[in-house]
Amino acid sequence: RENFIHLCNPHLEEMKEDILYHFALGTGTHDFPALFGDVKFVCVGGSPSRMKAFIAYIAEELGLGSPGCDYPNICAGTDRYAMYKVGPVLSVSHGMGIPSISIMLHELIKLLYHAKCSNITIIRIGTSGGIGLEPGSVVITRQSVDATFKPQFEQVILGKTVIRSTNLDEQLAKELMQCSKEINQFNTVIGNTMCTLDFYEGQGRLDGAICLYNEEEKLQYLKEAYDSGVRNIEMESSVFAAMCNLSGVKAAVVCVTLLNRLEGDQISSSHDVLVEYQQRPQKLVGYFIKKSLGKV
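For clarity, every value in this text was computed on a predicted model and none was experimentally measured.

1. Notes on the side chain of arginine 231
- Within the secondary structure, arginine 231 is located in strand S11 (residues 230-234).
- Despite its burial, arginine 231 remains without a salt bridge, the nearest opposite charge being carried by aspartate 227 at 6.9 Å.
- Contact partners of arginine 231, with chain neighbours within four places excluded, come to Gly129, Gly130, Ile131, Leu133, Val139, Gly191, Asn192 and Tyr226.

2. Details of the packing of helix H3 (residues 98-114) against helix H6 (residues 237-246)
- As a packed pair, H3 and H6 sit with axes 9 Å apart at the nearest point and diverge in direction by 20°. On the basis of their axis angle, the class for H3 and H6 is roughly parallel. Read as a crossing pair, H3 and H6 show a hand that is right-handed. The residues of H6 that touch H3, namely those facing Ile98, Ile101, Ser102, Leu105, His106 and Ile109, are Ser238, Val239, Phe240 and Met243.
- The residue makeup of the contact of H3 with H6, split by class, is 7 nonpolar, 3 polar and no charged.

3. Thoughts on the packing of aromatic side chains
- Applying the stated criterion across every chain yields a total of 5 aromatic pairs.
- Ring centres of phenylalanine 23 and tyrosine 81 lie 6.0 Å apart, and the angle between their planes is 85°; this geometry places the pair in the edge-to-face category. With phenylalanine 23 in the loop between strand S1 (19-20) and strand S2 (25-26) and tyrosine 81 in the loop between helix H2 (48-61) and strand S4 (83-86), this pair connects stretches of sequence that are 58 residues apart.
- Overall, phenylalanine 23 belongs to the buried group, its relative accessible area being 0%.
- Here tyrosine 81 falls in the buried class, since its relative accessible area comes to 6%.
- Pairing phenylalanine 32 with phenylalanine 36 gives two aromatic rings, centres 6.0 Å apart and planes at 75°, and the pair type is edge-to-face. Linking phenylalanine 32 with phenylalanine 36, this pair stays in helix H1 (residues 32-36), spanning 4 residues, or about one helical turn. You'll find phenylalanine 32 and phenylalanine 36 in the same group, each marked buried.
- Its end group placed over the ring of phenylalanine 199, arginine 205 keeps NZ or CZ at 3.8 Å from the ring centre.
- One Lys or Arg, arginine 231, reaches over the ring of tyrosine 226 and ends 3.7 Å from the middle of that ring.

4. Some remarks on the pattern of salt bridges
- Taken as a whole, this structure holds 11 salt bridges when the rule is applied.
- Lysine 52 is the partner of aspartate 70 in a salt bridge, and the nearest nitrogen-oxygen pair spans 3.1 Å. With aspartate 70 in the loop between H2 and S4 and lysine 52 in helix H2, this pair connects stretches of sequence that are 18 residues apart.
- When its relative accessible area of 54% is taken as the criterion, aspartate 70 is described as exposed.
- For lysine 174, the salt bridge goes to glutamate 170, with nearest N and O atoms at 3.6 Å.

5. A word on the environment of serine 237
- For serine 237, the position within the fold is in helix H6.
- Separated by 43 residues in the primary sequence, serine 237 and methionine 194 place their C-alpha atoms 7.9 Å from one another.
- Excluding residues that lie within four positions of it along the chain, serine 237 makes contacts with Ser144, Thr193, Cys195 and Val253.
- For serine 237, the side chain forms a polar contact with the side chain of glutamate 234, separated by 2.8 Å.

Calculation rules
- Residues numbered from 1 in each chain as written.
- Predicted model: local features only at pLDDT ≥ 70, side-chain atom pairs only at ≥ 80, totals over all residues.
- Heavy atoms only, no water.
- Helix = DSSP H or I, 4+ residues; strand = E, 2+ residues; numbered from the N terminus.
- Buried < 20%, exposed > 50% of the residue type's maximum accessible area, 1.4 Å probe, protein only.
- Lys, Arg positive; Asp, Glu negative; His and termini not counted.
- Salt bridge = Lys/Arg side-chain N within 4 Å of Asp/Glu carboxyl O.
- Contact = heavy atoms within 4.5 Å.
- Axes fitted to C-alpha atoms, helices over the stretch in contact; angles between N-to-C directions.
- Parallel < 35°, antiparallel > 145°, perpendicular 65-115°, else oblique.
- Left-handed = near helix turned anticlockwise from the far one by under 90°.
- Nonpolar A, V, L, I, M, F, W, Y, C, P; charged D, E, K, R; others polar.
- Phe/Tyr/Trp six-rings, centres within 6.5 Å; stacked < 30°, edge-to-face > 60°.
- Lys NZ or Arg CZ within 6 Å of the ring centre and 35° of its normal.
- Polar contact = N/O pair within 3.5 Å; in protein donor to acceptor, adjacent residues only side chain to side chain.

Bear in mind that shape data such as this cannot, by itself, settle questions of function.
Written out as structure tokens, the structure reads:
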């Protein structure tokens, strides 16, 4: 059964041309079905360099590229986001925080719609702060929660507060967990992910430029988060889940933890260790894609 992208915007049908400004792409200048019609998997992450590394990794894993092969940035006409493609896999950077990933997702979802893509799986791969987990653990998100531990994304639209669900695809999370068991290289858990509006005060850190609470209050908050099912903290998952839900897209969030926030605030591991940690979500999602394509 073909499952196409659902657009929640009737106004788009009245437009002669749709310019995806932040991608430097447009329906009047690019043949979207020819460029992207075969896409089945979209992986998004904050850093352009990480998403370029991912496309090189997945190309080699799928036998679609040669070592050292360069992959051009499809969005080279802008410096906002970077996009790479190999076979059925699209790799896109989204920057940092809810506003940045939200803008990217609006244009990505329209791109997939204009390309007439079907049966799409979108996975955010990234880094996070862990709660009660050893650094390097990978968290597959069950549902994204806000800073009060509610599974919702709240946005003001036309002056009114709109609340949207942040549940993620349960079956996809189970499939990813099974893949982690099969590769058996690092600790992986399914848990809730807290999405905040800020890296410092919003996540209860003591090391920002401004901090008007003490360590005891911080630890109490993080323990309450843990008791509610939260296993990691990042800054994009809520709007990601909400927008994928509204568009009828199967989605997941897979993030590695760079530290245990119950033990500190600063990321102090060496560069080499952090690079290896950041490769873990790529390995897991890469294996999932290979398995989905019958290449395992």
